[in-house]
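Coordinate inspection notes
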Protein chains: 2
Amino acid sequence: MTDWLSADEQQSWRAWIAATTLLPAELTKELTSGHDLTLSDYEILVRLSEADERWMHMSELADRTLSSRSRLSHQIDRMQAAGLVSRECCTHDKRGQHAVLTDHGLDVLVAAAPTHVNDVRKFVVDAMTPEEFAALGNACKKIVAALEVKSPD
Amino acid sequence: MTDWLSADEQQSWRAWIAATTLLPAELTKELTSGHDLTLSDYEILVRLSEADERWMHMSELADRTLSSRSRLSHQIDRMQAAGLVSRECCTHDKRGQHAVLTDHGLDVLVAAAPTHVNDVRKFVVDAMTPEEFAALGNACKKIVAALEVKSPD
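Presented here is an overview of the structure given in this document.

Reading guide: rules and limits
- The residue numbering used here restarts from 1 in each chain and proceeds along that chain's sequence as written.
- Chains carry letters and ligands carry numbers; both start at the beginning, A for chains and 1 for ligands, and go up in the order they are written.
- Local features are withheld for residues below a pLDDT of 70 in this predicted model, meaning they are given only at 70 or higher, and side-chain atom pairs are given and counted only at 80 or more; totals for whole chains, interfaces and linings count all residues.
- Note: side-chain values were computed over all heavy atoms of the structure, leaving out hydrogens and water.
- Least-squares fitting of one copy onto the other uses the C-alpha atoms of those residues that reach a pLDDT of at least 70 in both copies.
- By definition, residues are in contact when any of their heavy atoms lie within 4.5 Å.
- Structural elements are reduced to axes, namely lines fitted to C-alpha atoms, with helices fitted over the stretch in contact, and the angle between N-to-C directions of any two is expressed from 0 to 180 degrees.
- Helix and strand definitions here come from DSSP, where helices need a minimum of 4 consecutive H or I residues and strands a minimum of 2 consecutive E residues; each element is numbered from the N-terminal end.
- Throughout, the term roughly parallel applies to angles under 35 degrees, roughly antiparallel to angles over 145, roughly perpendicular to angles from 65 to 115, and oblique to all others.
- Polarity classes work like this: nonpolar for Ala, Val, Leu, Ile, Met, Phe, Trp, Tyr, Cys and Pro, charged for Asp, Glu, Lys and Arg, and polar for all others, with Gly in that last group.
- For the purposes of this section, nonpolar cores are sets of buried Ala, Val, Leu, Ile, Met, Phe, Trp, Tyr and Cys residues that join through side-chain atoms within 4.5 Å.
- Each residue gets one of three labels from its accessible area relative to the maximum for its type: buried under 20%, exposed over 50%, partly exposed in between, using a 1.4 Å probe on protein chains only.

**Brief notes about the relation of the copies chain B and chain A**
- Taken as rigid bodies, chain B and chain A are interconverted by a rotation of 180 degrees and an axial shift of 0.0 Å, the fit giving an RMSD of 0.0 Å. The transformation just described matches what one would write down for a two-fold rotation axis. Across chain B, the smallest distance between a C-alpha and the rotation axis is recorded for Leu-136 of chain B, namely 2.6 Å.
- Of all interface residues in chain B, 100% are interface residues in chain A too; the two copies therefore contact each other through one and the same surface.

**So, the packing of helix α1 (residues 7-35) of chain A against helix α1 (residues 7-35) of chain B**
- Close contact between α1 of chain A and α1 of chain B brings their axes to 12 Å; oriented N to C, the two are set at 110 degrees. By the angle class used here, α1 of chain A and α1 of chain B are roughly perpendicular. On α1 of chain B, the residues touching Trp-13, Trp-16, Ala-19, Thr-20, Leu-23 and Leu-27 of chain A of α1 of chain A are Trp-13, Trp-16, Ala-19, Thr-20, Leu-23 and Leu-27 of chain B.
- Tallied by class, the residues present in the contact of α1 of chain A with α1 of chain B amount to ten nonpolar, two polar and no charged.

**Digging into the nonpolar core**
- In terms of nonpolar packing, the biggest core is built from 66 residues, with Trp-16 and Leu-136 of chain A together with Trp-16 and Leu-136 of chain B touching the most fellow members.
- Once you skip the residues sitting within four places of it in the chain, Trp-16 of chain B turns out to touch Trp-16, Ala-19, Thr-20, Leu-23, Leu-136 and Cys-140 of chain A together with Cys-140 and Ile-143 of chain B.

Below you can see the structure in the form of structure tokens.
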């Protein structure tokens, strides 16, 4: 027997679908038109900028950005062509290749970050009370935990 | 001056990014492997199945599924090739083309729905308390409302 969603649950679920469809599109619009970045490019620049000496192993970067190794590899190729990162090979390290944030990549991130963060505030953080935003974060953590229990793949 | 996210806000925001990245991927996995559907295919089948006489104007379907007209048009072409919907032209109606759910499309939806709804329960609804899920829905509605204020496009 399928335990269908109740009318209230359905309404919350549809709100989730709407928000998760519309918000990334809006955030992407600004990043793309202003800085020629996708949301995933932005996320990669942020992760590398936070790393020691601004580089990370490709495998760790894939884990952190929730990307598959092959998808990340294509993306890093694109970002390297745009001069945002460079891919370096480390012969003394069996864990393989690194992605390194270039000076240009850092400049682009520094230019893009204020608009992006303002958008995140405008459409999310400041669109609700701090308690409501904390509840959103809490619910998202529970989703992630439920997915982690399910699938190690 | 950019009003950067606080550490707590940052944590909630990263949880949102993680959940919105991982959940669609997981829901898609099941729909694709079991029923050869994408998440957007599924959403279109649901909307058409709920419509009177199982058809909708393309423009209305685009609004309801938060899709652009051109993206929806491509998608309906693909779904028509798979026999899930048909696209019909209505000469006495200036509003143009309809998308119609086929009997096969309805069969596919009926077969896919239980697994999909079980997944939504497992990873979302039952992964938290009813209050937490309602808070998630509420926060998502506020995001959608903030986006609607911003952009009529």
